Amino acid sequence: HSEHGQAVLENFLHDIAGLPNDWNSGNVIAAQVDAISAQVGDSRVICGLSGGVDSAVAAALVHKAVGDQLVCVFVDHGLLRQGEREQVEKDFVAATGVRLVTIDAETQFLEALAGVSDPETKRKIIGREFIRTFEQAAAELVAEATEEGGEVKFLVQGTLYPDIVESGGGSGTAVIKSHHNVGGLPDDLEFELVEPLRTLFKDEVRAIGRELGLPEEIVSRHPFPGPGLGIRIIGEVTKERLDTLRAADAIVRAEITQAGL
């Protein structure tokens, strides 16, 4: 952000600190594929796919490492942006070949949110219902694996390094905001975590996504809050309001894209 800022940083890192200039997405992918293969072995893995870049790249990396041992679960809670489900079900699956299980939970979420206006209460309800839905899907996949003589032992998370730092992890860090994927999981979680992106920043994750062949629509997606459109509605969340907001959001995103932003 200054005239010679890049040169100052490069001189410090390479000339003074002696660090090699050898970071590239191909190296990271190769190292992570080896690490994931070693960690997972022949066990099965599940991943909660949100459609965002972090979970998509994490899932693509794990799939490259262990192939059909991975199953992705996508919860359609009715709070998604326009075209998101189709993007995950068609574009992501076409690019990776991953097995995807989609859960239709719109009615369940809308019933749980009926009459609720407070944003923080909405967040808690959405989080609770999502965990319940995902746990149910996971239980069915565990049962299926057991029948077939396999075992689901691992859960993929798209945790990034900024998530850890903002949550107060590491040395000399303060809590900026807690992330659900850092210390927010239940104590009785029966899966081991696979977090192939936890030392990376967002721009690095996007570079890896492109290298893995993910569609640009997923790799450069506009960030989106976990509670989805439910948190952008002032007052009660209803299907009619969601449909209106979905259409408005699509117009705004189209205009931003058209303007080259």
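The structure this text deals with has already been given above.
All of the points below concern the structure found in this document. Just so you know, these numbers come straight off a predicted model, no measurement behind them. In this convention, every chain numbers its residues from 1, walking through the sequence in written order. Side-chain atom pairs in this predicted model are given and counted only at pLDDT of 80 or more, local residue features only at pLDDT of at least 70, and totals for whole chains, interfaces and linings cover all residues. As a convention, hydrogens and water are excluded, and side-chain values are obtained from all of the structure's heavy atoms.

**A few points about a nonpolar patch on the surface**
Alright, step 1. On the surface, Leu9, Phe12, Leu13, Ile16 and Leu19 cluster together into a nonpolar patch covering about 510 Å² of accessible area.
Alright, step 2. Along the chain, Leu9 turns up in helix α1 (residues 5-16). Patch definition: residues above 30% relative accessible area lacking any salt bridge, with like charges linked at up to 9 Å and the nonpolar side chains Val, Leu, Ile, Met, Phe, Trp and Tyr linked at up to 5 Å. Accessible surface is estimated by sampling points in the Shrake-Rupley manner with a 1.4 Å probe; for residues, cover comes only from the protein chains shown. Put simply, a salt bridge is a Lys or Arg side-chain nitrogen that is within 4 Å of an Asp or Glu carboxyl oxygen. Secondary structure elements are taken from DSSP: a helix is a run of H or I of four residues or more, a strand is a run of E of two residues or more, and numbering for both begins at the N terminus.

**Structural notes on helix α2 (residues 25-40)**
Alright, step 1. For α2, spanning 16 residues, the distance from its first C-alpha to its last is 22 Å, which sits close to the expected 22 Å at 1.5 Å a residue.
Alright, step 2. Looking at the buried positions of α2, the neighbouring elements they touch are β1 (44-48), α3 (53-66), β4 (152-156), β5 (192-194) and α8 (202-211).
Alright, step 3. Pairs of N or O atoms within 3.5 Å make up the polar contacts considered here, provided that, within protein, one atom can donate a hydrogen while the other can accept it, and that residues adjacent in sequence are counted only when both atoms are side-chain atoms. In this structure Asn24 caps α2, since a side-chain oxygen of it lies 3.0 Å from the backbone nitrogen of Gly26.
Alright, step 4. Once α2 finishes, Gly41 follows within two positions and takes phi at roughly 65 degrees, a positive value. Take the residue count of a helix, subtract one, and multiply by 1.5 Å to get its expected span. Residues are treated as being in contact if the distance between any of their heavy atoms lies within 4.5 Å.

**What to know about the side chain of Arg221**
Alright, step 1. Here Arg221 shows up in the loop between α9 (216-219) and α10 (239-258).
Alright, step 2. When its relative accessible area of 10% is taken as the criterion, Arg221 is described as buried.
Alright, step 3. In terms of polar contacts, Arg221 uses its side chain to reach the side chain of Glu84, at 2.2 Å.
Alright, step 4. If we ignore the near neighbours within four places in the chain, the residues touching Arg221 are Gly51, Gly52, Arg81, Glu84, Gln87, Arg206 and Glu216. For every residue, the accessible area obtained with a 1.4 Å probe (protein chains only) is divided by the maximum for its type, and the residue is called buried under 20%, exposed over 50%, and partly exposed between those limits.

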